[in-house]
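Remarks on the overall topology
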Amino acid sequence: MSTTKPGKLLPLDPSERLIFALDAASGADALAWVDRLGDSVSFYKIGMELLASGDYFPVLEALAKRDKKVFVDLKFFDIPATVAGVIRGLSRWPVHYCTVHGWHSAMLEAAANARAGDLRLLAVTVLTSMDAQDLKKMGIDGEPADIVVQRAKAAQAAGLDGVIASGQEAALLRAASGDDFNIVCPGIRPGGGGGDDQKRTVGVSEAFERGATAIVVGRPISQASDPRAAAQAMQLEIEEYFNKFN
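These numbers come from a predicted model, not from an experiment.

Cut-off values and rules
- Residues numbered from 1 in each chain as written.
- Predicted model: local features only at pLDDT ≥ 70, side-chain atom pairs only at ≥ 80, totals over all residues.
- Heavy atoms only, no water.
- Pairing = 2+ DSSP bridges.
- Helix = DSSP H or I, 4+ residues; strand = E, 2+ residues; numbered from the N terminus.
- Axes fitted to C-alpha atoms, helices over the stretch in contact; angles between N-to-C directions.
- Contact = heavy atoms within 4.5 Å.
- Buried < 20%, exposed > 50% of the residue type's maximum accessible area, 1.4 Å probe, protein only.
- Right-handed = clockwise from strand over helix to strand, strands pointing away.
- Arc of directions from axis to C-beta.
- Phe/Tyr/Trp six-rings, centres within 6.5 Å; stacked < 30°, edge-to-face > 60°.
- UniProt positions renumbered as here; feature names shortened; annotations may be inferred.
- Polar contact = N/O pair within 3.5 Å; in protein donor to acceptor, adjacent residues only side chain to side chain.
- pLDDT = per-residue confidence, 0-100.

1. Some thoughts on the sheet that holds strand β4 (residues 97-101)
Read around the closed barrel, the 8 strands follow the order β1-β2-β3-β4-β5-β6-β7-β8; overall the barrel is parallel. When the angles between neighbouring strand axes are averaged without regard to direction, this sheet yields 25°. The pairing of strand β5 (residues 120-124) with strand β6 (residues 162-164) spans 3 bridges and is classified as parallel. Bridge assignment links Leu 122 to a residue of β6, and that residue is Gly 162. Running over the sheet, helix α5 (residues 105-114) touches β3 (69-76), β4 and β5 and is turned about 160° from β4. Across the sheet, helix α8 (residues 170-177) lies against β6 and β7 (182-185), angled at about 170° from β7, the strand it touches most.

Below is the structure:
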């Protein structure tokens, strides 16, 4: 069992609860998006596409210098010692969220024991592009919501700080994990489904009503006719939601 304290909430202002998926093929493209979005986005997720460009860590540093929060979404999954080494090294960088696959308790415990600083570890439960039929093809017999909660509870027990999960499961997760647990929800589609590869989607306010800590948004911003205006509209919706509690 992990000796680290589970459930470290990342302190976030309302404007930091919108995380933009910076899916860019090069560092130049990534930073062009940061310039384009300006102060409408304060938190960025950088993933596998940017990693292949060779510009991953220069972009990470550039985001930090611009006072942006950084989410490293590389979904680590390997033997415990290897993942622990990666997390130990990544803890030296200005990173706030990082993902590991939530499929192996020993690996999760090793990752939790290796983290340091401001880094919060999030377990990937079931990808939002998957449904029950996809799980069945993988030999997993159960509804996505049940598998998500099962893996979230295992991740919390191992000492992780939160999970990645669809907003459709956020309420169940919040009830199962308590208030001191990060629930970060991708697959956000304002106004309904987006007609793409995301299958388990919810809207912006709906995600927070169900218990999300933060949301990850990509194509609804990047494919909008005015991406900055789209991000600002989501920020306004988030602000109005949290103002209800002030």
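2. Considering the pairing of β3
β3 sits mainly inside the fold: 7 of its 8 residues count as buried. Sheet topology places strand β2 (residues 43-46) next to β3; 4 bridges connect them, and they run parallel. Bridging across to β3, Tyr 44 finds its partner in Val 70. This β-α-β element, β3 to helix α4 (residues 80-90) to β4, shows right-handed connectivity.

3. Some words on helix α1 (residues 27-37)
All buried positions along α1 are accounted for by Gly 27, Ala 30, Trp 33, Val 34 and Leu 37. In an axial view of α1, the angular spread of the buried residues amounts to 125°, which keeps them on one side of the axis. Turned more than 90 degrees off the buried face of α1, the exposed positions are Ala 28 and Asp 35. Where α1 is buried, its residues contact β1 (18-21), β2, α2 (48-51), α3 (56-65), α10 (219-222) and α11 (227-243). Positive backbone phi, approximately 55°, marks Gly 38, located one or two places after α1.

4. Re the packing of aromatic side chains
Counted according to the given criterion, the structure contains 10 aromatic pairs. With a centroid separation of 5.6 Å and 10° between ring planes, the pair formed by Phe 43 and Tyr 97 is classed as stacked. One end of the pair, Phe 43, is in strand β2; the other, Tyr 97, is in strand β4, with 54 residues separating them in the sequence. With relative accessibility at 0%, the residue Phe 43 sits in the buried group. For Tyr 97, a relative accessible area of 0% gives the class buried. With a centroid separation of 5.5 Å and 65° between ring planes, the pair formed by Tyr 56 and Phe 57 is classed as edge-to-face. Accessibility expressed as a relative area gives 2% for Tyr 56, which makes it buried.

5. Focus on unusual backbone geometry
At Asp 67, a position not held by glycine, the phi torsion is positive, near 65°. In this structure, Asp 67 sits in the loop between α3 and β3. A positive phi angle, near 50°, is found at Lys 75, a position not held by glycine. Assignment of secondary structure puts Lys 75 in strand β3.

6. Structural notes on the UniProt feature "active site" (unreviewed entry) in the protein chain
UniProt records the feature "active site" (unreviewed entry) for Asp 73, Lys 75 and Asp 78 in the present numbering. Reaching out from Lys 75, the side chain makes a polar contact with the side chain of Asp 73 at a distance of 2.9 Å. Along the chain, Asp 78 falls in the loop between β3 and α4. Among the residues examined, Asp 78 registers a relative accessible area of 41% and is labelled partly exposed. Filtering out sequence-adjacent residues up to four positions away, Asp 78 remains in contact with Val 83 and Met 107.

7. Description of the confidence of the model for the protein chain
Across the protein chain, the average pLDDT comes to 89, with 90% of residues at 70 or higher. Contacts for the low-pLDDT stretch residues 1-7, under 50 throughout, to residues beyond four places or in other chains number 22 contacts.

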